[in-house]
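Residue-level structural notes
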Amino acid sequence: VVRRCSGGTSVVLGTGCLVYSCLLSIELRPQLENITWAHREVMNRLCIALESIPELSGHVRWEGTCDLVLNNRKFSGNSLRCKKSWVL
């Protein structure tokens, strides 16, 4: 069980969960101030990366705001922490 610095509730992590962190500069990408755009930017890049893995190609879906699903099971979510000059 891990408590995220981005807020929300704690999450349970186990085998098969994808855990990642991205630190993105708002100065370099001002559009990141829009939370919807920030989620979309990260999720699009993740989906493209996962699509390059032969075993996952065509099987991973993006659902809702920020969930990744494989075989109808969520294996990763996304939570943002926004500051003045960066997004985590």
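Look up a bit, the structure's there.
The following refers to the structure shown. Computed from a predicted model, the values in this text were never measured in an experiment. (Residues numbered from 1 in each chain as written. Predicted model: local features only at pLDDT ≥ 70, side-chain atom pairs only at ≥ 80, totals over all residues. Heavy atoms only, no water.)

1. Quick notes on the layout of surface pockets
Size it by volume and the largest pocket reaches roughly 640 Å³. If you trace the largest pocket, you find 27 residues lining it, with Arg4, Tyr20, Gly77, Asn78 and Ser79 closest to the centre. For the lining of the largest pocket, the element with the most residues is strand 4 (residues 73-76), which contributes three residues. For the lining of the largest pocket, the per-class residue count stands at 16 nonpolar, six polar and five charged. Thr15, Gly16, Cys17, Leu56, Leu70, Asn71, Arg73, Lys74 and Phe75 together form the lining of the second largest pocket. Of the residues in the lining of the second largest pocket, the class split is four nonpolar, three polar and two charged. (1 Å grid on protein atoms, 1.4 Å probe; cavity = no way out; pocket = protein on both sides within 12 Å on 5 of 7 lines; lining within 4 Å. Points joined across faces, edges and corners; volume = space filled by probe spheres on them. Helix = DSSP H or I, 4+ residues; strand = E, 2+ residues; numbered from the N terminus. Nonpolar A, V, L, I, M, F, W, Y, C, P; charged D, E, K, R; others polar.)

2. Let's talk about the nonpolar core
Judged by nonpolar contacts, the single largest core of 15 residues is most densely connected at Leu32, Leu50, Val60 and Leu68. When residues in this core are grouped by element, the largest group, five residues, is from helix 1 (residues 35-51). (Core = buried A, V, L, I, M, F, W, Y, C linked by side-chain atoms within 4.5 Å. Buried < 20%, exposed > 50% of the residue type's maximum accessible area, 1.4 Å probe, protein only.)

3. Examining the sheet that holds strand 2 (residues 60-63)
Two modes of strand pairing occur in sheets, parallel and antiparallel, and in both the strands are linked by backbone hydrogen bonds. Judged by pairing direction, the sheet is antiparallel, and its three strands sit side by side in the order 2-3-4 without closing on themselves. At either margin of the open sheet sits one strand with a lone partner, and together these are strand 2 and strand 4. The mean inter-strand angle of the sheet, taken between neighbouring strand axes irrespective of direction, is 45 degrees. Across four bridges, strand 2 lies against strand 3 (residues 67-70) in antiparallel orientation. By the bridge assignment for strand 3, Arg61 is matched with Val69. (Pairing = 2+ DSSP bridges. Axes fitted to C-alpha atoms, helices over the stretch in contact; angles between N-to-C directions.)

So far we have only geometry, and geometry alone does not tell us how the molecule works.
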